[in-house]
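Okay, here's what each chain looks like letter by letter:
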Amino acid sequence: MPEQAPQEAYELPGTASMPEQLPPIPADSSSIEELSYPEDSYAYNTQQAVIARKALFAPTGVPGLDDILAGGFLRGKTYLVAGEAGCGKTIFSIQFLLHGALNGEPGLYIAIDEPTNQLLRGLKIFGWDLRDLISSKRLMFLDMRTHFSKIYMRDERKHIEPRYIIEQILNAAKRINAKRLVIDPIAPLVYGGKEEDVLYAREFLREMVFAIEKTGELTTILTSEIPTGSTKLSRFGVEEFLACGIIVLAIEEIYGNVERIMYIRKARWAPVKPSKYIFDIVSGKGVVVREPLSEYLKRMRRS
Ligand SMILES: Nc1ncnc2c1ncn2[C@@H]1O[C@H](COP(=O)(O)OP(=O)(O)OP(=O)(O)O)[C@@H](O)[C@H]1O
Ligand SMILES: [Mg+2]
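These lines cover the structure that appears in this document, whether it is placed above or below. From a predicted model like this one, the values you see are computed outputs, not experimental measurements.

## Let's talk about the overall build of the chain
Part 1: What the chain contains, in helices and strands, is 11 helices and 11 strands.
Part 2: Across the 303 residues that make up the chain, the buried fraction comes to 43%.
Part 3: Taking the intrachain contacts of the chain between residues at least 6 apart in sequence as the baseline, contacts between residues at least 24 apart amount to 68%.

## A look at the site of ligand 1
Part 1: All residues adjacent to ligand 1 are Glu84, Ala85, Gly86, Cys87, Gly88, Lys89, Thr90, Ile91, Phe126, Arg260, Ile281 and Ser283.
Part 2: Here an oxygen atom of ligand 1 and a backbone polar atom of Cys87 are 3.2 Å apart.
Part 3: Taking Gly88, its main chain carries an N or O atom lying 3.0 Å from an oxygen atom of ligand 1.
Part 4: Relative to its unbound accessible area of 650 Å², ligand 1 is 61% covered by the protein chains.
Part 5: With 3 residues, helix α4 (residues 89–101) is the largest single contributor of residues to the shell around ligand 1.
Part 6: Of the residues assigned to the shell around ligand 1, the class counts are 5 nonpolar, 4 polar and 3 charged.

## Describing helix α8 (residues 162–175)
Part 1: Compared with the 20 Å implied by 1.5 Å per residue over 14 residues, the 20 Å span of α8 between its first and last C-alpha is a close match.
Part 2: Residues of α8 that are buried: Pro162, Ile165, Ile166, Ile169, Leu170, Ala172 and Ala173. For α8, the angular spread of the buried residues around the axis is 160°, confining them to a single face. Set apart from the buried face of α8 by more than 90 degrees, the exposed residues are Lys174 and Arg175.
Part 3: Asn177 lies just past α8 and shows a positive phi near 55°.

## Quick notes on the side chain of Arg180
Part 1: Within the fold, Arg180 resides in strand β6 (residues 180–184).
Part 2: Looking at Arg180, the relative accessible area reads 1%, which means it is buried.
Part 3: From its side chain, Arg180 meets the backbone oxygen of Phe96 in a polar contact 2.8 Å long.
Part 4: Within the structure, the side chain of Arg180 is placed 2.8 Å from the side chain of Glu105, a separation counted as a polar contact.

## Focus on the pairing of strand β8 (residues 245–254)
Part 1: Pairing of strand β3 (residues 78–83) with β8 involves 5 bridges; the strand directions are parallel. Bridging across to β8, Leu80 finds its partner in Ile246.
Part 2: As judged from the 10 bridges shared by β8 and strand β9 (residues 257–267), these two strands associate in the antiparallel manner. Across the sheet, residue Ile246 finds its bridge partner in β9, namely Lys266.
Part 3: Two successive antiparallel strands, β8 and β9, enclose a turn made up of 2 residues, where Tyr255 displays a positive phi of approximately 50°.

## Here we look at the packing of α8 against helix α9 (residues 197–215)
Part 1: Between α8 and α9, the shortest axis-to-axis distance is 10 Å and the interhelical angle comes to 30°. In terms of their interaxial angle, α8 and α9 are classed as roughly parallel. The way α8 lies across α9 gives a crossing that is right-handed. Contact residues: α8 offers Pro162, Arg163, Ile165, Ile166, Ile169 and Leu170, while α9 offers Tyr200, Phe204, Glu207, Met208, Ala211, Ile212 and Thr215.
Part 2: Each residue belonging to the contact of α8 with α9 can be placed in one class, and the counts come to 10 nonpolar, 1 polar and 2 charged.

## What about the environment of Val190?
Part 1: Take Val190: it is sitting in the loop between β6 and α9.
Part 2: Judged by relative accessible area, which is 1%, Val190 ranks as buried.
Part 3: Val190 sits 13 residues away from Glu203 along the chain, and the two C-alpha atoms are 9.9 Å apart.
Part 4: Val190 has contacts with Ala201, Phe204, Leu205 and Phe236, leaving out every residue within four places of it along the chain.

## Notes on the pairing of β3
Part 1: For β3, a buried count of 6 out of 6 residues is recorded, marking the element as mostly surrounded by other parts of the structure.
Part 2: Taking every second residue as pointing to the same face, both faces of β3 are buried, with Thr78, Leu80 and Ala82 on one and Tyr79, Val81 and Gly83 on the other.

## Focus: helix α5 (residues 116–126)
Part 1: All of the buried residues in α5 are Thr116, Leu119, Leu123 and Phe126. The buried residues of α5 occupy an angular sector of 80° when the element is viewed end-on, so they sit on one face. Looking at α5, the residues exposed on the side facing more than 90 degrees away from the buried face are Asn117, Arg121 and Ile125.
Part 2: Residues of α5 that are buried sit in contact with α4, β4 (107–111), β5 (139–143), β10 (275–282) and β11 (286–292).
Part 3: Phi turns positive, to about 120°, at Gly127, one or two residues after α5.

## With respect to the pattern of salt bridges
Part 1: Under the counting rule described, the total for this entry stands at 12 salt bridges.
Part 2: Here Arg131 makes a salt bridge to Asp129, at a shortest N to O gap of 2.7 Å.
Part 3: We classify Asp129 as partly exposed; its relative accessible area is 40%.
Part 4: One salt bridge in this structure joins Arg299 and Glu291, with 2.1 Å as the shortest N-O distance.
Part 5: You can call Arg299 partly exposed: its relative accessible area is 38%.
Part 6: Each of Arg75, Glu105 and Arg180 takes part in one network of salt bridges that share partners.

Cut-offs used in this document
- Residues numbered from 1 in each chain as written.
- Chains lettered and ligands numbered in written order.
- Predicted model: local features only at pLDDT ≥ 70, side-chain atom pairs only at ≥ 80, totals over all residues.
- Heavy atoms only, no water.
- Helix = DSSP H or I, 4+ residues; strand = E, 2+ residues; numbered from the N terminus.
- Buried < 20%, exposed > 50% of the residue type's maximum accessible area, 1.4 Å probe, protein only.
- Contact = heavy atoms within 4.5 Å.
- Near = heavy atom within 4 Å.
- Polar contact = N/O pair within 3.5 Å; in protein donor to acceptor, adjacent residues only side chain to side chain.
- Areas by Shrake-Rupley, 256 points an atom, 1.4 Å probe, with all protein chains shown as cover.
- Nonpolar A, V, L, I, M, F, W, Y, C, P; charged D, E, K, R; others polar.
- Expected span 1.5 Å × (residues − 1).
- Arc of directions from axis to C-beta.
- Pairing = 2+ DSSP bridges.
- Axes fitted to C-alpha atoms, helices over the stretch in contact; angles between N-to-C directions.
- Parallel < 35°, antiparallel > 145°, perpendicular 65-115°, else oblique.
- Left-handed = near helix turned anticlockwise from the far one by under 90°.
- Salt bridge = Lys/Arg side-chain N within 4 Å of Asp/Glu carboxyl O.

Distances and angles like these do not, on their own, reveal function.
Given below as structure tokens:
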């Protein structure tokens, strides 16, 4: 069980260290005038609203998606990107980190499935050469495979201390002052090979998400592999409840065309209802939302 219950109310990230008392307003009247209400109050409010949204939402960097989500992902919260094999989960996640890294928000990628070198080589072929961003500490890749294989070899899986893994992730995040985190995919990080381990895995996941969100610093993507043909969203059935939003990536055949579908299944505090979109994967750009599925279907019916 986590040591501390999660906070009920959403707290602005970074406010934990704010001084309790605000500094006094300077006596200099000119600075007070600067704060006064401009004539065009509508423009002022709109501008303020834009600034407020930017503070609250971290743009995903996925063309089309940020408009749909009215800004992006809620800062400091956790999102689940789920999908069958090869649907674009890793490309989506890297795109999210890359966008952050290029805009002053360092990102940490926890590699579990694939050796980091292999992944970086693949991304370079795709059109994303990340070496400079890594050497300038705007991106960090933490390979947890070696760590786990050692533990599994010793068959001490029952003794993996979740707190130890969480601590490792948070320490790495601190080293680069990370604002974005990706764990891709989440399931192997949490051993759940046996039936009775599901409860253990759920507790582990809860503890991990609470610990990450408690920092108030990290906007997080967990990816989850959906077995082909399954209606499940995650391995342990708890990830979707812990997440603030869920994006399902899929491939569907529509009128004889095989298309990529993005299903925005849940997005807390975003003005969207569950909706499906057609998207493409484009070299060097990543995931690009093309149009709502409903529009696509209308067009296909007409033609
Ligand atoms: N240059 C490219 N142009 C267009 N599509 C590409 C390109 N490179 C890869 N893809 C597509 O991206 C898919 C792989 O995406 P990605 O690795 O993000 O999927 P994933 O969901 O993480 O897969 P896995 O479940 O195996 O980890 C490939 O199946 C391919 O269809
Ligand atoms: Mg992947």
